[in-house]
Amino acid sequence: MEDLLRIENLHISYRTMEGTVYAVNGVNLSVEKGETLGLVGETGAGKTTTALSILNLLPKPAASVDQGRILFQNRDLLAASKREIRKIRGDRIAMIFQDPMTSLNTSFRIGNQVAEVLRIHRKELGKREIEERTARLLETVGIGRERWDDYPHQLSGGMKQRVMIAMALACSPELLLADEPTTALDVTIQAQVLQLMRHLKEEFGMAMMLITHDLGVVAENCERVAVLYAGEVLETGTAEEIFDGPVRHPYTEGLLGAIPSPDHKISRLSPVAGQTPDPSKLLPGCVFAPRCPHCSKRCLEDKPKERQRGGHRIKCHLFADKAEWRE
Ligand SMILES: Nc1ncnc2c1ncn2[C@@H]1O[C@H](COP(=O)(O)OP(=O)(O)OP(=O)(O)O)[C@@H](O)[C@H]1O
Ligand SMILES: [Mg+2]
């Protein structure tokens, strides 16, 4: 499979009144064409920061990308001009957020907001075609065209989320970045929106990076999973390797809880004992060492290298001496 998106050694920090916050510290991950990658990790792990950096949406001047490459079809987005990024954003890569009001404008009718995306990115389309496509998009996400003239405040949370999805899908992007797209919704609506996204993914052949705290959502929607902790990807594998495989990173093990649930009905990440490290300090050793039940002296002193077996990658000294896990 070809990598659609590949993030290499990404480092991002924020400058704050209290000092520097090291949010992303050497992230490596990739999304293949048509696949859904789940990006999981506790609050503050750097999930949103990573996603925002892909489309040059990090808050300026607080955030700075200190190192790394973000390759979209082998083109480095970090080196692309603002104009190039604007062309890619919404057209080839779209993003949806936890709060739909990040994307929606309170003072415009929802149909016009969806149509606007087409007007910007599909200049070749005439007025009639834009209207038709917009109506079809609204219908695809389960909102009748008769709601075209509604303003966002007239819609429920789930419907606003659907309008945002319609906007994101307007140009049939190759990659959708979905940051906690359903967390704010109640469980029934959440299931409906996710089912809709799965369906649309199949229909449009789109790849997706799905950011979530919810392991149930990951198990149901993702082919592969990347586990982020304190700005580092500690493990990447197929959903099977992560949920049902014989070996995992100790942190992933902790997230899944001491007793693995055979039916993946665990919905929230299980709390792992201890505190996440202070993001204003970089640890010399493994970032998880202070909370790890297997921690040794080496873990506190040396940063483990990522090792892999097939596509399964783990960053942990426990795997350093195992022949089948290669650097
Ligand atoms: N605008 C900002 N200014 C300063 N620090 C920030 C800013 N945004 C995020 N951070 C810090 O960067 C780190 C990563 O935050 P980020 O929002 O990327 O995490 P996350 O994994 O998305 O968390 P959550 O699950 O809560 O959404 C955290 O320590 C956070 O406090
Ligand atoms: Mg976030």
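Residues numbered from 1 in each chain as written. Chains lettered and ligands numbered in written order. Predicted model: local features only at pLDDT ≥ 70, side-chain atom pairs only at ≥ 80, totals over all residues. Heavy atoms only, no water.

K.L.:
Got a sec to walk through the pairing of strand 6 (residues 93-96)? Specific residues and values, please.
P.N.:
Of the two faces of strand 6, the one lined by Ile93 and Met95 and the one lined by Ala94 and Ile96 are each fully buried. By the bridge criterion, 4 bridges tie strand 6 to strand 7 (residues 175-179) in an arrangement that is parallel. Residue pairing for strand 7: Met95 is matched across the bridge by Leu177. (Buried < 20%, exposed > 50% of the residue type's maximum accessible area, 1.4 Å probe, protein only. Helix = DSSP H or I, 4+ residues; strand = E, 2+ residues; numbered from the N terminus. Pairing = 2+ DSSP bridges.)

K.L.:
Explain the environment of Gln192 residue by residue, including any values.
P.N.:
Tracing the backbone through its elements, the reader meets Gln192 in helix 6 (residues 187-204). The class of Gln192 is partly exposed, set by a relative accessible area of 38%. Expressed as a C-alpha distance, the spacing of Gln192 and Lys60, which sit 132 residues apart in the sequence, is 35 Å.

K.L.:
Explain the packing of helix 3 (residues 110-121) against helix 5 (residues 157-169) to me, and be specific about the residues and the numbers.
P.N.:
If you want to describe how two helices pack, look at the angle between their axes and the distance between the axes. The contact between helix 3 and helix 5 brings their axes to 8 Å, and the two run at 20 degrees. Judged by the inter-axis angle, helix 3 sits roughly parallel to helix 5. Crossing angle aside, the handedness with which helix 3 passes helix 5 is right-handed. Contacts from Ile110, Gln113, Val114 and Val117 of helix 3 reach helix 5 at Val163, Ala166 and Met167. (Axes fitted to C-alpha atoms, helices over the stretch in contact; angles between N-to-C directions. Parallel < 35°, antiparallel > 145°, perpendicular 65-115°, else oblique. Left-handed = near helix turned anticlockwise from the far one by under 90°. Contact = heavy atoms within 4.5 Å.)

K.L.:
How would you explain the packing of helix 5 against helix 6 if you had to name every residue and give the values?
P.N.:
Two elements in contact, helix 5 and helix 6, have axes whose closest approach is 10 Å; the angle formed by their N-to-C orientations is 15 degrees. Here helix 5 is positioned roughly parallel relative to helix 6, judged by the angle of their axes. Two packed elements cross with a definite hand, and for helix 5 against helix 6 that hand is right-handed. Judged by residue contacts, Gly158, Gln161, Arg162, Ile165 and Leu169 of helix 5 engage Ile189, Gln192, Val193, Leu196, Met197 and Leu200 from helix 6. In terms of residue class, the contact of helix 5 with helix 6 is built from 7 nonpolar, 3 polar and 1 charged. (Nonpolar A, V, L, I, M, F, W, Y, C, P; charged D, E, K, R; others polar.)

K.L.:
Talk me through the site of ligand 1; I want residue IDs and the actual numbers.
P.N.:
In the vicinity of ligand 1 lie 15 residues, with Thr43, Gly44, Lys47, Thr48 and Thr49 positioned nearest. In this structure, an oxygen atom belonging to ligand 1 sits 2.8 Å away from a side-chain N or O atom of Thr48. Its free accessible area being 630 Å², ligand 1 has 68% of it covered by the protein chains. Counting only elements with at least two residues in the shell around ligand 1, the list comes to strand 1 (3-16), strand 2 (19-32) and helix 1 (47-54). Looking at the shell around ligand 1 element by element, the count peaks at 3 residues for helix 1. Partitioned by chemical class, the residues of the shell around ligand 1 number 6 nonpolar, 7 polar and 2 charged. (Near = heavy atom within 4 Å. Polar contact = N/O pair within 3.5 Å; in protein donor to acceptor, adjacent residues only side chain to side chain. Areas by Shrake-Rupley, 256 points an atom, 1.4 Å probe, with all protein chains shown as cover.)

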